[in-house]
4 protein chains.
Amino acid sequence: MLYFRNDYGAGAHPAVLEALCGTNMELTPGYGTDQYTRQAAETIRDLCGVPDAAVHFLMGGTQANKTAIAAFLRPYEAVLAAASGHICVHEAGAVEQDGHAVLRLPAPDGKLTPELLRSAMAGPVNEHTVVPRLAYISNTTELGTVYTRPELLALRRCCDELGLYLYCDGARLGSAMDAGGTGFADYGACCHAFTIGGTKNGLLLGEALVIAEPALRPGFRNCMKQQGAMLAKGRLLGVQFEAVLRDGLYLSLAAHANAQAKRLAAGLERLGVPLLAPAESNQVFPILPEGAAEALGRSVEFEVERGMDGGRTCIRFVTAWHTPPEDVDALLALMEDLLK
Amino acid sequence: MLYFRNDYGAGAHPAVLEALCGTNMELTPGYGTDQYTRQAAETIRDLCGVPDAAVHFLMGGTQANKTAIAAFLRPYEAVLAAASGHICVHEAGAVEQDGHAVLRLPAPDGKLTPELLRSAMAGPVNEHTVVPRLAYISNTTELGTVYTRPELLALRRCCDELGLYLYCDGARLGSAMDAGGTGFADYGACCHAFTIGGTKNGLLLGEALVIAEPALRPGFRNCMKQQGAMLAKGRLLGVQFEAVLRDGLYLSLAAHANAQAKRLAAGLERLGVPLLAPAESNQVFPILPEGAAEALGRSVEFEVERGMDGGRTCIRFVTAWHTPPEDVDALLALMEDLLK
Amino acid sequence: MLYFRNDYGAGAHPAVLEALCGTNMELTPGYGTDQYTRQAAETIRDLCGVPDAAVHFLMGGTQANKTAIAAFLRPYEAVLAAASGHICVHEAGAVEQDGHAVLRLPAPDGKLTPELLRSAMAGPVNEHTVVPRLAYISNTTELGTVYTRPELLALRRCCDELGLYLYCDGARLGSAMDAGGTGFADYGACCHAFTIGGTKNGLLLGEALVIAEPALRPGFRNCMKQQGAMLAKGRLLGVQFEAVLRDGLYLSLAAHANAQAKRLAAGLERLGVPLLAPAESNQVFPILPEGAAEALGRSVEFEVERGMDGGRTCIRFVTAWHTPPEDVDALLALMEDLLK
Amino acid sequence: MLYFRNDYGAGAHPAVLEALCGTNMELTPGYGTDQYTRQAAETIRDLCGVPDAAVHFLMGGTQANKTAIAAFLRPYEAVLAAASGHICVHEAGAVEQDGHAVLRLPAPDGKLTPELLRSAMAGPVNEHTVVPRLAYISNTTELGTVYTRPELLALRRCCDELGLYLYCDGARLGSAMDAGGTGFADYGACCHAFTIGGTKNGLLLGEALVIAEPALRPGFRNCMKQQGAMLAKGRLLGVQFEAVLRDGLYLSLAAHANAQAKRLAAGLERLGVPLLAPAESNQVFPILPEGAAEALGRSVEFEVERGMDGGRTCIRFVTAWHTPPEDVDALLALMEDLLK
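Remember, it's a predicted structure, so these values are computed and weren't measured experimentally. (Residues numbered from 1 in each chain as written. Chains lettered and ligands numbered in written order. Predicted model: local features only at pLDDT ≥ 70, side-chain atom pairs only at ≥ 80, totals over all residues.)

Some remarks on the overall build of chain A
- When its secondary structure is counted, chain A shows 14 helices and 13 strands.
- In terms of C-alpha radius of gyration, chain A reaches 20 Å, essentially the compact-globule figure of 20 Å for 340 residues.
- Principal axes of the C-alpha set define a box for chain A whose edges measure 60 × 60 × 35 Å.
- Going through the 340 residues of chain A one by one, you find that 61% of them count as buried.
- Sequence separation of at least 24 residues holds for 74% of the intrachain contacts in chain A that already meet a minimum separation of 6. (Helix = DSSP H or I, 4+ residues; strand = E, 2+ residues; numbered from the N terminus. Rg over C-alpha atoms; globule rule 2.2 N^0.38 Å. Buried ≥ 20, exposed ≤ 12 C-beta atoms within 10 Å, placed from the backbone. Contact = placed C-beta atoms within 7 Å.)

Rendered as structure tokens:
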């Protein structure tokens, strides 16, 4: 079976595993108070250009989103997000569980815009309504689209104007930076807080949360602990992040995944397969004619995105840091046979 | 000033006040364990045709909605509602505060339909998504529209099919019954639970919650108490509901309000004033040309619903059990002058 | 039956009812934005000597406690309270429902002391523990005991030293002031926030929350609405509080209740009946020999506090603003017969 | 420095690391739907003797406790726990964050008993109180004490009688089984649900939750996801648990830790050092004279449990699967020097 199901199907990149094995028997204090965690946080502060940023390491994306939002907002404050956003459709109501409404905005390409934010804030906001306070974006989005630097800057200006915090879920931040030409410092400058995703880019597990905005920092570790989000052997996260961040591996892994997706998308285009959204990063959403998805499923692992009219099916291919180029070729060959 | 601001501007109907005064110095047990509360619950069970329904008396609409939903759902279960629904826009995120997502569905007339429900349930529902479990409707809706009996029956059938509870927020149930030709028994038969609103139809305060579905009854009083929703002098609610329900006053008060709204809407039609939604119950939403709302505001109390294109403003007139017919005439005369 | 069950068994004092009836047909804006509510808030600010205090009117004691604490604390912050405190044993976990731990401290007389607070804060407080931030006291306590002015001052000094807010649940504040020689201004000076209870001292319903501490004021009405704690016909609370506060009725009603309790306690002492706690206010806790409570229950309404050793039973007598002195005499006569 | 700080200072046992490395590049479906996770669950069901038990793998102890309790209880239901229990003092109010009160019972040795449970349930339980529904025990306890099989059986009988669920936090279950002579099947038989701790006994991270009681199983994975407790690369937990459970490594690692603690305790006894609690498992709590803890801290890593009278300090030594026997000897030699 060819594997294009997701980018968290394998374990860790060998360099990450090596770092874990190399430090395995060291004895350190727990809960992220060790030197490895401190070092990784320092590396991240340097990369982001926010010397006093608070940096925390969490275990997964839902956990990071949920803990951050619960810590940042007062009880009646709400979140604005694209309706396709991860917190809207893939987190089982995690944000609402902590008491906060998530207002789902229609964004066909999965991206928030100043216009969408302004429109959401155009109605009355008062003591009878929820009070939107945080704009949630994911980069890359759940449709594989990507924010550019000017888009991030425009969002931040709009958020400042509307009294909103800008929060970026960077579960696939490496892929977003590679595809969109942004760098860590852009997120440090544009976002009040954001995550750097490890799980989908070479780590066993781990998301780094960067809190650039000073007002959002107090009490965060208390919130982490209360949410069950503080790893006992915290250094495991520091060791892994340091392994991918200190010398650029994080970006080269993402670049590999993106390159394979780009080749795959180009091949699909040659075959005349329509895509649900432009293939900007490491997720590709081809729309297959009736019966094709089922047939393909016998040789390839992928996920079904949704049924469409005319019996067509939109499926999702995901490439990863470990996707062999020859698997892309093999997939394209299969597709060509299938669609003949 | 003419008063068309809302239907909770005055105190209680004289018969309600008389019942309160007449029982004022009686000494009863607290928290709704008295005979007046029991009697009112029995009256409601009779009217609704659900002999074993659980009936609880709460202090306000937001409280009733919030307490019911928190008691009925498991942590990951969610609510489907029209985007204009009271829980979506007038309750400050009360339902989300207790941990439940509210999915806002587009319903231009404020009414849920089987099609809307089916469409909301068409996507994947699994352990990564919220699990919709309760369909929230309000009758009358926030736009003054009304559900008919066939519509309620169709919703219930659809809910049964989709594994949803049907919950009706009846803050203006009297008005809805008068306008839509439904009776208490229709709600007993179609809804798993619903409220009978007192605040907007002659009581000082109070909403009766009827839980027809046996599975939703256990532990409700614990939830009420935990939510701060159990009135110490609980009998005040029983006394008031009994005063309006035992002999039909509840419906005749609503009929009066509806009749005045109908006269008002007819007059506005004669004047050529467009309405945002059909004037089916005791709320009328005229769309005024630029400047008119401001001028009118010097002589009439009303609320602004929203700004519209071309400088126009949609405002809301509400009639109530106590609206003098001559005030409707006076308002129409003012409007005629204004729009000349 | 003689009625000594509680102090919320009757409706409202006639002067309160008269005020409600006299304003019943006036038409005002809702949710406490009317002039009556403003006037009552102003009266309270004057009485308390905190010219810029935020004053809010809520419907009940559990609701007031729960809403205040949820609004005041961050997610991981906790409450310190006497184990007998209302939030510990009579509110069905309302404070915890909003996410905050309540640490129950052993206080045989129901009163917090600086020593208890210091002892509770003596252990480690860090990111692995809850962080106590608010000391909850009730005055009068659930055992009928009362704080004096020096005690309140000492608690406040201790709270300032420990970084705690001092919050006083004043469900029976009138009784506490009469019994303890304190005045409204003492609470304004000593407490960061406190309530003035109406339900148990002459109102149909209503608790006024006074927020003296500026840092605790922002967003409170949003929290109220979200908790279902904002009364639509808000003026009902303002009208009632103004009726009892503007000319001292509040205190004279409480003084009457206390006086009857004092007579009752003196009579019980003459009869040799031991009390669970000193009878300082309007609650008296006699300990009856085996069988006596049951016999008494045939002629008197009261509540059982708890079973005690030797088959004895501690019961609770409560006097109120409406307790006829002759009922106290009659009760004492019954007790004398019973214990002969 | 000698390391006796905790049992989560190192990474994973080599056999665990080898299993992770050996499967690292395999591509599996996410979120615990892979064959490794299924196999580990099956192994656990066999060990516990509950063929239909639900088995879930979570990332940490606080997360497991919090998610389980939130999933198991209705909003007003509460937890009974020893005041020293992990959820009471080391989890930052995680259980309360989800809305549930934790009633802290005085248990000097950290163990709940039927008497404690009965005493906690002796008072009134009604709609005004919280309703205790779950008894939380930890085995080993936070004081290193251990439950025997008869004690577990007696607790279960008592819980059945009182309408409580018995939940065991087994963060150190291996140590508890080795020390107390219990086996997995005892927990399967006595507990409605319990965890098998991996973090403190050889895994990088991971706690297995076993839900023996059928009524507690529905919807659990939805709750996990909502709590951010579902690991994307779920198989990492399955692989690790299988590595330690399939052939008894789990118990032999715990036995090693216990044996070193026993030698340490025996040595301390010889030196006349008093202990806070009997040294039954892998935690030892010596009470040191004034100044000794500080001096010792220059050569040994440990945690301070608490200050005691007379300037004494109670500290905690923890042994682990990797503690070299010679480190115990070296520590005892240091202590002997220190206390001379």
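What follows continues from the structure just given.
A few points about the domain arrangement of chain A
Residues and elements named next belong to chain A.
- Taken domain by domain, chain A comprises domain 1 (2-7 + 250-339) and domain 2 (14-245).
- Distance between the C-alpha centres of domain 1 and domain 2: 27 Å.
- Contact residues are listed per partner, giving 19 residues for domain 1 and 18 residues for domain 2.
- Mapped onto the side of domain 1 that touches domain 2, the elements with two or more residues apiece are helix H12 (249-270) and strand E9 (283-284).
- Of the residues forming the side of domain 1 that touches domain 2, the biggest block, seven residues, is contributed by H12.
- Among the residues forming the side of domain 1 that touches domain 2, the class breakdown is 13 nonpolar, four polar and two charged. (Domains from an automatic or database assignment. Nonpolar A, V, L, I, M, F, W, Y, C, P; charged D, E, K, R; others polar.)

Here's the deal with the interface of chain B and chain C
- Listed by partner, the interface residues are 43 residues for chain B and 43 residues for chain C.
- For the side of chain B that touches chain C, the secondary-structure elements that each account for two or more residues are helix H1 (14-22), helix H3 (61-72), helix H5 (94-97) and helix H10 (220-226) of chain B.

Considerations on the nonpolar core
- In terms of nonpolar packing, the biggest core is built from 482 residues, with Ala-135 and Val-210 of chain A, Ala-135 and Val-210 of chain B, Ala-135 and Val-210 of chain C together with Ala-135 of chain D touching the most fellow members.
- If we skip the residues at most four places from it in the chain, Ala-135 of chain B touches Leu-80, Leu-112, Leu-117, Leu-155, Cys-159, Leu-164, Leu-166 and Tyr-167 of chain B. (Core = buried A, V, L, I, M, F, W, Y, C linked by C-beta atoms within 7 Å.)

Thoughts on the packing of helix H12 (residues 249-270) of chain C against helix H14 (residues 325-339) of chain C
Residues and elements named next belong to chain C.
- Running from N to C, H12 and H14 cross one another at 20°; their axes reach a closest spacing of 10 Å. It follows that H12 is roughly parallel to H14 by the angle criterion. In this structure, the crossing between H12 and H14 has a hand that is right-handed. Residues Gln-260, Arg-263, Leu-264, Gly-267 and Leu-268 of H12 form the contact with H14, whose own contacting residues are Pro-325, Val-328, Leu-331, Leu-332 and Met-335.
- The class makeup of the residues in the contact of H12 with H14 is seven nonpolar, two polar and one charged. (Axes fitted to C-alpha atoms, helices over the stretch in contact; angles between N-to-C directions. Parallel < 35°, antiparallel > 145°, perpendicular 65-115°, else oblique. Left-handed = near helix turned anticlockwise from the far one by under 90°.)

Some words on the interface of chain C and chain A
- Each partner contributes to the interface: chain C provides 13 residues, whereas chain A provides 13 residues.
- The leading source of residues in the side of chain C that touches chain A is helix H10 (residues 220-226) of chain C, at five residues.
- Across the side of chain C that touches chain A, the residue classes break down as five nonpolar, four polar and four charged.

Thoughts on the sheet that holds strand E5 (residues 131-138) of chain C
Residues and elements named next belong to chain C.
- The strand order across the open sheet formed by seven strands is E2-E8-E7-E6-E5-E3-E4, and the pairing between neighbours is mixed. Unpaired on one side and paired on the other, strand E2 (54-58) and strand E4 (102-105) mark the two borders of the sheet. Neighbour-to-neighbour, the strand axes of this sheet turn through a mean angle of 25°, independent of strand direction.
- Two strands pair when backbone bridges link them, and strand E3 (residues 77-82) and E5 are joined in this way by five bridges, in the parallel orientation. Following the sheet pairing, Glu-77 is matched in E5 by Val-131.
- The sheet contacts of helix H2 (residues 35-48) involve E2, strand E7 (193-197) and strand E8 (207-211), and relative to E2 the element is tilted by about 125°. (Pairing = 2+ DSSP bridges.)

With respect to the relation of the copies chain B and chain C
- For these two chains of identical sequence, chain B goes onto chain C by a turn of 180° and a shift of 0.0 Å along the axis, with RMSD 0.1 Å. Here the copies are linked by what is in effect a two-fold axis.
- Most of the interface of chain B is mirrored in chain C, where 100% of its interface residues are also at the interface. (Least-squares fit on C-alpha atoms with pLDDT ≥ 70 in both.)

Brief notes about the relation of the copies chain C and chain A
- If you rotate chain C by 180° and push it 0.1 Å along the axis, it lands on chain A with an RMSD of 0.0 Å.
- With an isologous cut-off of 70% or more, the 100% of interface residues of chain C that recur at the interface of chain A puts this contact in the isologous class.

Section: the sheet that holds strand E5 (residues 131-138) of chain A
All names here are of chain A.
- Pairing is mixed in the open sheet, where seven strands are placed in the order E2-E8-E7-E6-E5-E3-E4. Strands with a single pairing partner mark the edges of an open sheet, and in this sheet they are strand E2 (54-58) and strand E4 (102-105). On average, each strand axis in the sheet is tilted by 25° relative to the strand beside it, whichever way the strands run.

Re the pairing of strand E3 (residues 77-82) of chain B
All names here are of chain B.
- With respect to burial, E3 is a largely interior element, six of its six residues being buried.
- Burial along E3 is two-sided: the face carrying Glu-77, Val-79 and Ala-81 and the face carrying Ala-78, Leu-80 and Ala-82 are both buried.
- The pairing of E3 with strand E4 (residues 102-105) spans four bridges and is classified as parallel. Across the sheet, residue Ala-81 finds its bridge partner in E4, namely Arg-104.

A short note on the environment of Val-130 of chain A
- Along the chain, the position of Val-130 of chain A falls in the loop between helix H6 (114-120) and E5.
- Judged by the 26 C-beta atoms lying within 10 Å of it, Val-130 of chain A is buried.
- Counting along the chain gives 83 residues from Val-130 of chain A to Glu-213 of chain A, while the straight-line C-alpha distance between them is 23 Å.
- If we ignore the near neighbours within four places in the chain, the residues touching Val-130 of chain A are Tyr-76, Ala-78 and Ala-101 of chain A together with Ala-92 and Gly-93 of chain B.

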